[in-house]
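Chain by chain, the residues:
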Amino acid sequence: MSTNRRGGHVTSASDTVERECGHCEWHGAAGSYAELIKRYQDHLRDEHPTAWLRS
Ligand SMILES: [Zn+2]
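Residues numbered from 1 in each chain as written. Predicted model: local features only at pLDDT ≥ 70, side-chain atom pairs only at ≥ 80, totals over all residues.

1. Focus: the overall build of the chain
Put simply, the rule reads: Put simply, DSSP H or I for four residues or longer makes a helix, DSSP E for two residues or longer makes a strand, and each gets a number counted from the N terminus. C-beta atoms are first placed from the backbone for all residues, and any pair lying within 7 Å is then listed as a contact.
The helix and strand inventory of the chain stands at two helices and three strands. Taking as baseline every contact in the chain between residues at least 6 positions apart, the subset at least 24 positions apart corresponds to 5%.

Have a look at this one:
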């Protein structure tokens, strides 16, 4: 049985939220969901400007 689900999950041990990029192998982690969103937005803007503009 696997409890690992794609698309983001919270690990209770560290309260770290994670998510993967839908366009490359980038994987981000942060201490809060708001911070994670910011990191993902920064990544999109730098690496996938066309995808960032569309979102
Ligand atoms: Zn990416």
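Continuing now.
2. Some words on the pairing of strand 2 (residues 16-20)
In plain terms, the rule: Pairing between two strands is assigned when DSSP locates at least 2 bridges connecting them.
Taken together, the four bridges between strand 2 and strand 3 (residues 27-30) define a ladder with antiparallel strand orientation. Within the sheet, the bridge partner assigned to E20 lies in strand 3 and is H27. The hairpin turn running from strand 2 into strand 3, its antiparallel successor, is six residues long.

3. So, the environment of C21
With respect to the helices, strands and loops of the structure, C21 is situated in the loop between strand 2 and strand 3. A C-alpha to C-alpha distance of 7.6 Å links C21 and Y40, two positions 19 residues apart in sequence. Setting aside chain neighbours within four positions, we find C21 in contact with W26 and H43.

4. Topic: the confidence of the model for the chain
How we decide: Values of pLDDT, ranging from 0 to 100, describe the predictor's confidence in every residue of the model.
Mean pLDDT over the chain works out to 83, with 73% of the residues at or above the 70 mark. For the chain, per-element mean pLDDT is lowest for strand 1 (residues 9-11), which scores 59, and highest for helix 1 (residues 33-47), which scores 95.

5. Details of the environment of H43
Test applied: Once C-beta atoms are placed from the backbone, each residue is buried if 20 or more other C-beta atoms lie within 10 Å of its own, exposed if 12 or fewer, and partly exposed for counts between those two.
Structurally, the position occupied by H43 is in helix 1. Classification of H43 by C-beta neighbours within 10 Å gives partly exposed; the count is 17. When the C-alpha atoms of H43 and G28 are compared, they prove to be 9.1 Å apart, with 15 residues separating the residues in sequence. Contacts of H43, omitting those with residues within four sequence positions, involve C21, W26 and G28.

6. Examining the environment of G22
Summarising the element assignment, G22 is placed in the loop between strand 2 and strand 3. Take G22: there are 11 C-beta atoms within 10 Å of it, and that puts it in the exposed class. Each C-alpha atom, one on G22 and one on L44, is 9.8 Å from the other, the two residues being 22 residues apart in sequence.

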